[in-house]
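Working through the structure, step by step
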Amino acid sequence: MSRAYNFSAGPAALPEDVLRQAQTELLEWNGARASVMEISHRSKAFIALAEESERDLRELLDVPANYTVLFLQGGASQHFAQIPMNFARRDQSVDYVLTGDWSEKAAKEAKALTNVRIAATAAVTNYDRIPPREEWDLDPGAAYVHIAANETIRGVEFHEVPDVGNVPLIGDVSSTILSRPLDVSKYALLYAGAQKNIGPSGLVAVIVREDLLERCPKDIPRIFNYAEHAAKNSMLNTPNTWGWYLAGLVFKWMKAQGGLAAMGERNRAKANLLYGYIDNSGYYRNPVERSVRSWMNVPFTLPRAELDEAFLKESNATGLLALKGHRAVGGMRASIYNAMPIEGVQALVDFMRDFAQRNG
Ligand SMILES: *Cc1c(COP(=O)(O)O)cnc(C)c1O
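Sequence order as written defines residue numbering, which begins from 1 separately in each chain. Note on the predicted model: pLDDT of at least 70 is required for a residue's local features to be given, and 80 or more for side-chain atom pairs to be given and counted; whole-chain, interface and lining totals, by contrast, use all residues. To get the side-chain values, take all heavy atoms of the structure and skip hydrogens and water.

Looking only at helices and strands, one finds ten helices and 13 strands in the protein. In terms of C-alpha radius of gyration, the protein reaches 21 Å, essentially the compact-globule figure of 21 Å for 360 residues. Considering only C-alpha atoms, the protein reaches an extent of 65 × 55 × 30 Å along its principal axes. Exposure classes here rest on a 1.4 Å probe applied to the protein chains alone. A residue is buried below 20% of its type maximum, exposed above 50%, and partly exposed in between. Expressed as a percentage of its 360 residues, the buried residues of the protein come to 55%. We call two residues in contact when some of their heavy atoms are within 4.5 Å. Sequence-distant contacts, at least 24 apart, represent 66% of the contacts inside the protein between residues at least 6 apart. The Shrake-Rupley method, run with a 1.4 Å probe, gives the accessible areas here. Residue values count only the displayed protein chains as cover. By element, 48% of the accessible surface of the protein is carried by carbon and sulfur atoms, the whole surface being about 16100 Å². A run of H or I in DSSP counts as a helix once it spans at least four residues, and a run of E counts as a strand once it spans at least two, with each numbered from the N terminus. Note on method: radius of gyration uses C-alpha positions; expected globular size equals 2.2 Å times residues raised to 0.38.

On to the site of the ligand, then. For the ligand, the full set of nearby residues is Gly75, Ala76, Ser77, Phe80, Trp102, Asn150, Thr152, Asp172, Ser174, Ser175, Gln195 and Lys196. Throughout this description, a polar contact denotes any pair of N or O atoms lying within 3.5 Å of each other; where both atoms belong to protein, one of them has to be capable of donating a hydrogen while the other can accept it, and for residues adjacent in sequence the pair is counted only when both atoms sit in side chains. A distance of 3.2 Å separates an oxygen atom of the ligand from a polar backbone atom of Ala76. Gln195 places a polar side-chain atom, nitrogen or oxygen, 2.9 Å from an oxygen atom of the ligand. The fraction of the free accessible surface of the ligand (390 Å²) that becomes covered by protein chains is 86%. Counting residues per element, the shell around the ligand draws most heavily on helix α3 (residues 75-87), which supplies four residues. A cutoff of 4 Å decides nearness: a residue is near a molecule or strand if any of its heavy atoms lies inside that distance of it.

So, about the nonpolar core. Throughout this description, the term nonpolar core refers to a set of buried Ala, Val, Leu, Ile, Met, Phe, Trp, Tyr and Cys residues connected via side-chain atoms within 4.5 Å. Membership of the largest hydrophobic core comes to 58 residues, with the highest contact counts inside it found for Leu61, Trp136, Leu178 and Ile198. Sorting elements by how many residues they give to this core places helix α7 (residues 241-256) first, with nine residues. Bear in mind that the domain bounds are from an automatic or database domain assignment. A domain split of this core shows at least three residues from each of domain 1 (17-256) and domain 2 (258-359). Beyond its immediate sequence surroundings of up to four residues, Ile198 is in contact with Ile177, Leu178, Ala192, Ala205, Leu246, Ala247, Val250 and Phe251.

This part covers a positive patch on the surface. Residues forming no salt bridge and having over 30% relative accessible area are the ones grouped into patches, like charges within 9 Å of each other and nonpolar side chains (Val, Leu, Ile, Met, Phe, Trp, Tyr) within 5 Å. We count a salt bridge whenever a side-chain nitrogen from Lys or Arg sits within 4 Å of a carboxyl oxygen from Asp or Glu. Here Asp and Glu are counted as negative and Lys and Arg as positive; His is not counted, and neither are the chain ends. Every charge is mapped to an atom, namely NZ of Lys, CZ of Arg, CG of Asp or CD of Glu. A contiguous patch of positive charge on the surface is contributed by Lys105, Lys108, Lys111 and Arg327. Tracing the backbone through its elements, the reader meets Lys108 in helix α4 (residues 101-111).

Think of it this way: a Phe, Tyr or Trp ring, Trp meaning its six-membered ring, pairs with another when their centres are within 6.5 Å, and the plane angle makes it stacked under 30 degrees, edge-to-face over 60, tilted otherwise. Under the counting rule described, the total for this entry stands at 18 aromatic pairs. With a centroid separation of 5.7 Å and an interplanar angle of 90°, the aromatic rings of Tyr284 and Phe300 are classed as edge-to-face. Taken together, the positions of Tyr284 in the loop between α8 (259-281) and β11 (297-300) and Phe300 in strand β11 put the pair 16 residues apart, joining distant regions of the chain. Grouping aromatic residues by their ring pairs yields a cluster made of Tyr277, Tyr283, Tyr284, Phe300, Phe311, Phe351 and Phe355. Lysine and arginine charges are scored as sitting over a ring when NZ or CZ, respectively, is within 6 Å of the ring centre and within 35 degrees of the ring normal. One Lys or Arg, Lys105, reaches over the ring of Trp102 and ends 4.8 Å from the middle of that ring. The ring of Trp295 is capped by Arg180, whose NZ or CZ atom sits 3.7 Å from the centre of that ring.

Consecutive side chains of a regular strand alternate in pointing toward one face of the sheet and then the other. Two strands are said to pair when DSSP picks up at least two bridges between them. Pairing of strand β3 (residues 94-98) with strand β4 (residues 116-121), which is carried by five bridges, proceeds in the parallel orientation. The residue of β4 that forms the bridge with Asp95 is Arg117. In the classification by handedness, the crossover that spans β3, the intervening α4 and the parallel β4 is right-handed. With the strands pointing away from the viewer, any crossover whose connection runs clockwise from the first strand over the helix to the second is right-handed.

Here we come to the sheet that holds strand β2 (residues 67-72). One open sheet accounts for seven strands, arranged β2-β10-β9-β8-β5-β3-β4; its pairing is mixed. Edge strands, defined here as strands with exactly one partner in the open sheet, are β2 and β4. Within the sheet, the average angular offset between the axes of one strand and its neighbour, ignoring direction, is 20°. To obtain each axis, a line is fitted to C-alpha atoms, and for helices this fit is confined to the stretch in contact; angles are then taken between N-to-C directions over 0 to 180 degrees. Relative to the sheet, helix α2 (residues 44-61) contacts β2 and β10 (204-209), its axis offset from that of β2 by approximately 125°. Of the strands in this sheet, β3, β4, β5 (145-148), β8 (169-172) and β9 (189-193) touch α4, which is tilted by about 155° from β3.

Our focus in this paragraph is the domain arrangement of the protein. Interface size is commonly expressed as the accessible surface area that is lost when the partners come together. One can read the domain layout of the protein as domain 1 (17-256) and domain 2 (258-359). Placing a centre on the C-alpha atoms of domain 1 and another on those of domain 2 gives a separation of 27 Å. Together domain 1 and domain 2 conceal approximately 2100 Å² of surface at their shared face, both sides included; 57% is due to carbon and sulfur atoms. Scanning the region where domain 1 abuts domain 2 turns up zero salt bridges. Secondary structure elements with two or more residues in the side of domain 1 that touches domain 2: α2, β6 (150-151), β7 (156-157) and α7. With four residues, α7 is the largest single contributor of residues to the side of domain 1 that touches domain 2. Each residue gets one label: Ala, Val, Leu, Ile, Met, Phe, Trp, Tyr, Cys and Pro are nonpolar, Asp, Glu, Lys and Arg are charged, and the others, such as Gly, are polar. A breakdown of the residues in the side of domain 1 that touches domain 2 according to their chemical character gives ten nonpolar, eight polar and nine charged. Two parts lose some accessible area (1.4 Å probe) when they are put together, and adding that loss for both gives the buried area.

Before going further, it helps to examine the pairing of β9. Along β9, five of the five residues are buried, which leaves the element largely enclosed by surrounding structure. Of the two faces of β9, the one holding Leu189, Tyr191 and Gly193 and the one holding Leu190 and Ala192 are both buried throughout. Note that β9 and β10 share five bridges and pair antiparallel. Its bridge partner lying in β10, Ala192 is registered against Ala205.

Next up, the structure:
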């Protein structure tokens, strides 16, 4: 058996070069005579790794100096709760824009803690679009506005950062971070679970403007307080050292690929190839409005749901893994994150064409 093209939505494929390097230095890392997993996070060597990975991420994303970069834990979902805990004030409500399952979940978690206003929602059209910015009912006095920049399940992506005036914009970028250049300064806080484009699950990257950290209340548990984590350089407690190490390797890999401009061009080409085929096939269908289709997650359906099982079985046997769509949507979903080469997308298109011909 050998490694196949893996279209998993997450945990997702990692670059093979990164896995090989981790394999090579698994037992003894960097002269430590032990694995990177087995040494103190407070050792000089690990702190150097932490600092270097932060520098690389800052360079890749061109993070402005007045933003703090954190490597935390709990998955993106914990931060659905931690964000309102830190940034919603008692006398203010918070605005959420619902464009799919993840923004819905984020709003639901916030509701347990604060007064949530739904500024816009595409639920009525089954999340096949992003409501036009002019139609959003934003509260200029809101503590923040929350969006999910890419909806991993529905395959809906903001291709431009919406202007929300002076209210801090918070973005869940779990499944789009590092897929193309991003203007960090348009957000007050960005957060991303690692398991799509950064590394293994459990690790969460948070990029937060320093003035926002001043809002963190003193009366919440320290472990949930972003300002406390920032003051301790993400080492308030033992960080996910293995995840952090792998993330560092992924950042190096991306720099070697030419950084985010190059990643963006590759990802645009991959998405164009797959959507182009789907739209012209007369067989497969993607339900999302064209202007907001995701470059990372491409859901599609076959003409009859009875064909799904055969499609999955045969694609898997051909070496195209994990194409089953999310249960909320059905059909198929191809996640084509940074680690998926265009050859993998071409192999998928070739299989899809062949399958359509045989099952017309
Ligand atoms: C995967 C994902 C999450 C959830 O991440 P967990 O690490 O499982 O908490 C949240 N938001 C988006 C956009 C995701 O793609």
